[in-house]
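Spelled out, the chains give:
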Amino acid sequence: MQDGNTAPMDILDIANAQAGYETLPPPIQFMIKESLDMKSCRNNTEIMEALILKKKVKRTSDGGVEFSMDDPDLDNDEKEGGRSSSGSGSGSSSKRGKMREFTKQEKEEALTLYESLPSAMKVMLAQSVGEVNENNSTAIVARLIEEKKLLPAEDGVEFVVFGNSDETIEKIKGSGYIKGMLPEVTRKEGKIPTEEDAMIFFKEVLGKKTFNPTNKPERIPGGFLIRGQNAFDSGEELIKALDSKLKESSVADKVYYYYVKDPSLVTEQQFEQGEFENPVIIITGNDLSPTTNPFVKPIVTAFGGLSIASFAVAVCLATDMKMDLDKVESMASPLVLSVLGTQVAHEAMHQIVAYKDKFKAGAPTIVPSLQLGSFGCITPIKSPPPNSNSLFDFAISGPLVGMIISLFLMYVGLETQVFMDPSLQANLPSLPLNLLRSSSLAGGMVEWLLGDGTLSSKLGDPTALIKLHPYTIAGFLGIMTNALNLLPVGNTDGGRIAQAMFGRSFSKFIRGVTLILMVIAGFFGGDQANILLFFAIFAQIWQKEPEVPCKNEIDGISDERAVLAFATAFLVGLAVVPLSI
């Protein structure tokens, strides 16, 4: 704070102070409110009045205003007995000491101060030094001291993370936005590149003949961002040149790099001038494997397999609760094998594309489902695909092959049932009519081959059943699970396709719209079996992360792939839109 000779605040100063408060990043606002014991208050006028009353905002000698989170009425004993806890940013009352080493006592006080900060402030300080876990107090304080972001002062210690420039504040505000654009696996603790790694990459890999940097590496959550210009005519040529340089570099086994659109928060000025989403290089650690506990996936897969088997047995017993085990086995076995076979073909296509394009895909995890037995599999990508075409091929190949096999199974099952002896038909598994009506594509095939009106009988009866051949049921399940996985939500196959086609920013918008439509369908009767609603919940919880970046996300997908994508979208629409009867 300023000394006692500073002029008191007038009405204009108060207005400026409130306007300044409203432009502060939310974590800073939270800290100010917490210092006033007004964490839940949303009325900025009331907050400003409290700041003035408690002398935590004052007019400065240059005509500006200054906020403080210190207590201006500290007891003399406190002031004399040690150092105050000054957690300042751009307007601290503390006078910075000379650039000297911290004493042992000052380091202990700094650690105590850090641990007493609000969690939002801890997160921001941790991010500023590249730490993922804000609770790793000792390491973070050590890094803050090392990087001169925590300095000794005459009356305490002082954080100098935010600096005095609007540009620095914008970077802090944008760090959360960048985290939302890149998956969490790019920010693994202990795997984030150091500044030394970034400078080695900068000097040994980049250059005027490849990617000509216009600034030094900027730290972002999980790594570094480098702005510059591509010296080649296309992204593919650049990637080949950078790959060759990286192989000879001393950080070849430490980092991954990506040529992507700038994921930073766009300012109003940048938007107006059209200077946003320019191509940049991002580097992260070279471990993108999932952080899931290694024991969780086998357990979930076991439950997924059990869920499929239970579904098969349930549809058999729905026909006759007293059906003997031999008959149950004769009907359930082809159903289970067909479902699993379709999923194996789906996953095999993912692995074939990954092998062809030389990137790593993890083992699939079968996801159980109440309505369908399974929602398919989650297959993580563990290293960067070379480009958007490759990501597109990986994403669409599995569900498209699965969809084709499922359509074939459904057709074969219906044709077989048409010519089946009535006595054999009587023992076929039964599926709820409401479930079958969830798909216009599958329901339309049933109406076409078993006769018009097959699905319109017993409308309004939620317990109504229809007997179907095991292949038909397996085909229906395959159509639904593959179509659901093609919906553009999170990092499902459909989300990957949307990202490859439209980029990270716009694909997030598409995801939001899709989720809203799925929830509306579930709550307002469009989806009586609630398949879309349950899948939306599943995707939002377990597949909400964006996909790992490709090496080259600047060059878009080919025209042929775009046509295939829109044709597939039409097929998916038929599959997931309920049959209108």
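## Here we look at the packing of aromatic side chains
Phase 1 of the analysis: Counted under the stated rule, the structure contains 10 aromatic pairs.
Phase 2 of the analysis: Relative to Phe538, the ring of Phe535 has its centre 5.4 Å away and its plane inclined at 50°; by these criteria the two rings are tilted. You can see Phe535 and its partner Phe538 sitting in helix α20 (residues 531-542), 3 residues apart, about one turn around the helix.
Phase 3 of the analysis: Phe538 gets classed as buried once you look at its relative accessible area, which sits at 7%.
Phase 4 of the analysis: Taken together, the ring pairs in this structure connect Phe375, Phe535, Phe538 and Trp542 into an aromatic cluster.

## Re the nonpolar core
The tendency in soluble globular proteins is for nonpolar side chains to be buried side by side.
Phase 1 of the analysis: Leu372, Met410, Leu431, Leu436, Phe476 and Leu484 are the most contacted members of the largest nonpolar core, which totals 88 residues.
Phase 2 of the analysis: For this core, the leading source of residues is helix α14 (residues 388-418), giving 9 residues.
Phase 3 of the analysis: Once residues lying within four places of it in the same chain are set aside, the contact partners of Met410 are Leu436, Ala442, Met445, Val446, Tyr471, Thr472, Gly475, Phe476 and Ile479.

## Quick word on the packing of helix α5 (residues 104-115) against helix α7 (residues 137-146)
Phase 1 of the analysis: Here α5 crosses α7 at 120°, and the two axes come no closer than 10 Å. At the point where α5 passes α7, the crossing takes the right-handed sense. Note on element contacts: α7 touches α5 through Ser137, Thr138, Ile140, Val141 and Ile145, opposite Lys107, Ala110, Leu111, Tyr114 and Glu115.
Phase 2 of the analysis: When the residues that make up the contact of α5 with α7 are grouped by side-chain class, the tally is 6 nonpolar, 2 polar and 2 charged.

## Considering the side chain of Ser388
Phase 1 of the analysis: Structurally, Ser388 is set in helix α14.
Phase 2 of the analysis: Other than its neighbours up to four places away in sequence, Ser388 contacts Ala500, Cys550, Asn552, Glu553, Asp555 and Ile557.

## Here we look at the environment of Cys550
Phase 1 of the analysis: Along the chain, Cys550 falls in the loop between α20 and α21 (559-576).
Phase 2 of the analysis: Among the residues examined, Cys550 registers a relative accessible area of 1% and is labelled buried.
Phase 3 of the analysis: Here the alpha-carbon distance between Cys550 and Ser388, two residues 162 residues apart in the chain, equals 6.6 Å.
Phase 4 of the analysis: Each residue touching Cys550, except ones within four places of it in the same chain, is listed here: Tyr258, Tyr259, Val260, Pro384, Pro385, Asn387, Ser388, Leu391 and Arg504.

## Here we look at the environment of Ser558
Phase 1 of the analysis: Examined against the element boundaries, Ser558 turns out to sit in the loop between α20 and α21.
Phase 2 of the analysis: Note on Ser558: relative accessible area 17%, which makes it buried.
Phase 3 of the analysis: Residues Ser558 and Phe392 lie 166 residues apart in sequence; the distance between their C-alpha atoms is 9.9 Å.
Phase 4 of the analysis: A distance of 3.0 Å separates the side chain of Ser558 from the side chain of Arg561, its partner in a polar contact.

## Some points on the confidence of the model for the protein chain
Phase 1 of the analysis: Residues of the protein chain with pLDDT of at least 70 account for 81%, and the chain-wide mean is 82.
Phase 2 of the analysis: A low-confidence stretch, residues 73-98 stays under pLDDT 50, and its non-local contacts, those more than four residues away or across chains, total 53 contacts.
Phase 3 of the analysis: Confidence drops under pLDDT 50 across residues 162-173; counting only partners more than four residues distant or on other chains, this segment forms 19 contacts.

## Quick word on helix α17 (residues 440-450)
Helical geometry: 3.6 residues make up each α-helical turn, so side chains three or four residues apart lie on a common side.
Phase 1 of the analysis: Of all the residues in α17, the buried ones are Leu441, Ala442, Gly443, Met445, Val446, Glu447 and Leu449.
Phase 2 of the analysis: Where the residues of α17 are buried, they touch α14, α16 (433-436), β14 (465-467), α18 (470-485) and α21.
Phase 3 of the analysis: N-cap assignment for α17: the residue whose side-chain oxygen lies 3.4 Å from the backbone N of Leu441 is Ser439.

## Brief notes about the pairing of strand β8 (residues 223-230)
Phase 1 of the analysis: In terms of strand pairing, strand β6 (residues 211-213) meets β8 through 3 bridges, oriented antiparallel. Its bridge partner being in β8, Asn212 is matched across the sheet by Gln229.
Phase 2 of the analysis: Pairing between strand β7 (residues 218-220) and β8: 3 bridges, direction antiparallel. Residue pairing in the sheet places Glu218 in a bridge with Leu225 of β8.
Phase 3 of the analysis: In this structure, the hairpin formed by β7 and β8 is closed by a connection of 2 residues, where Gly222 is found at a positive phi of approximately 95°.
Phase 4 of the analysis: Examined bridge by bridge, β8 and strand β10 (residues 279-285) share 5 bridges and lie antiparallel to one another.

## A closer look at the side chain of Ser374
Phase 1 of the analysis: Mapped onto the fold, Ser374 is located in strand β12 (residues 373-378).
Phase 2 of the analysis: A polar atom in the side chain of Ser374 sits 2.9 Å from the backbone nitrogen of Gly376.
Phase 3 of the analysis: Apart from residues no more than four positions distant in its own chain, Ser374 is found in contact with Ile308, Ile366, Val367, Pro368, Ser369 and Thr481.

## Focus on a negative patch on the surface
Phase 1 of the analysis: On the surface, Asp320, Asp324, Asp326 and Glu329 cluster together to form a negatively charged patch.
Phase 2 of the analysis: Mapped onto the elements of the fold, Asp324 is located in the loop between α12 (296-317) and α13 (325-356).
Phase 3 of the analysis: For Asp324, a relative accessible area of 37% gives the class partly exposed.

## A look at a nonpolar patch on the surface
Phase 1 of the analysis: Taken together, the side chains of Phe502, Phe506, Phe509, Val513, Ile516, Leu517, Val519, Ile520, Phe523, Phe524 and Phe566 define a hydrophobic patch exposed on the protein surface, amounting to about 1,100 Å² of accessible area.
Phase 2 of the analysis: Ranked by the residues each element gives to the nonpolar patch, the list is headed by helix α19 (residues 493-523), at 9 residues.
Phase 3 of the analysis: Along the polypeptide, Phe506 turns up in helix α19.

## Quick look at unusual backbone geometry
Phase 1 of the analysis: You will see that Asp37, though not glycine, has its phi angle at about 60°, which is positive.
Phase 2 of the analysis: Mapped onto the elements, Asp37 comes out in the loop between α2 (26-35) and α3 (44-53).
Phase 3 of the analysis: Look at Asp37 and you get exposed, because its relative accessible area is 71%.
Phase 4 of the analysis: Although it is not a glycine, Asn530 sits at a positive phi angle of roughly 60°.
Phase 5 of the analysis: By the secondary structure assignment, Asn530 is in the loop between α19 and α20.

Cut-offs used in this document
Residues numbered from 1 in each chain as written. Predicted model: local features only at pLDDT ≥ 70, side-chain atom pairs only at ≥ 80, totals over all residues. Heavy atoms only, no water. Phe/Tyr/Trp six-rings, centres within 6.5 Å; stacked < 30°, edge-to-face > 60°. Helix = DSSP H or I, 4+ residues; strand = E, 2+ residues; numbered from the N terminus. Buried < 20%, exposed > 50% of the residue type's maximum accessible area, 1.4 Å probe, protein only. Core = buried A, V, L, I, M, F, W, Y, C linked by side-chain atoms within 4.5 Å. Contact = heavy atoms within 4.5 Å. Axes fitted to C-alpha atoms, helices over the stretch in contact; angles between N-to-C directions. Left-handed = near helix turned anticlockwise from the far one by under 90°. Nonpolar A, V, L, I, M, F, W, Y, C, P; charged D, E, K, R; others polar. Polar contact = N/O pair within 3.5 Å; in protein donor to acceptor, adjacent residues only side chain to side chain. pLDDT = per-residue confidence, 0-100. Pairing = 2+ DSSP bridges. Patch = residues over 30% accessible without salt bridge, like charges linked within 9 Å, V, L, I, M, F, W, Y side chains within 5 Å. Areas by Shrake-Rupley, 256 points an atom, 1.4 Å probe, with all protein chains shown as cover. Salt bridge = Lys/Arg side-chain N within 4 Å of Asp/Glu carboxyl O. Lys, Arg positive; Asp, Glu negative; His and termini not counted. Charge placed at Lys NZ, Arg CZ, Asp CG, Glu CD.

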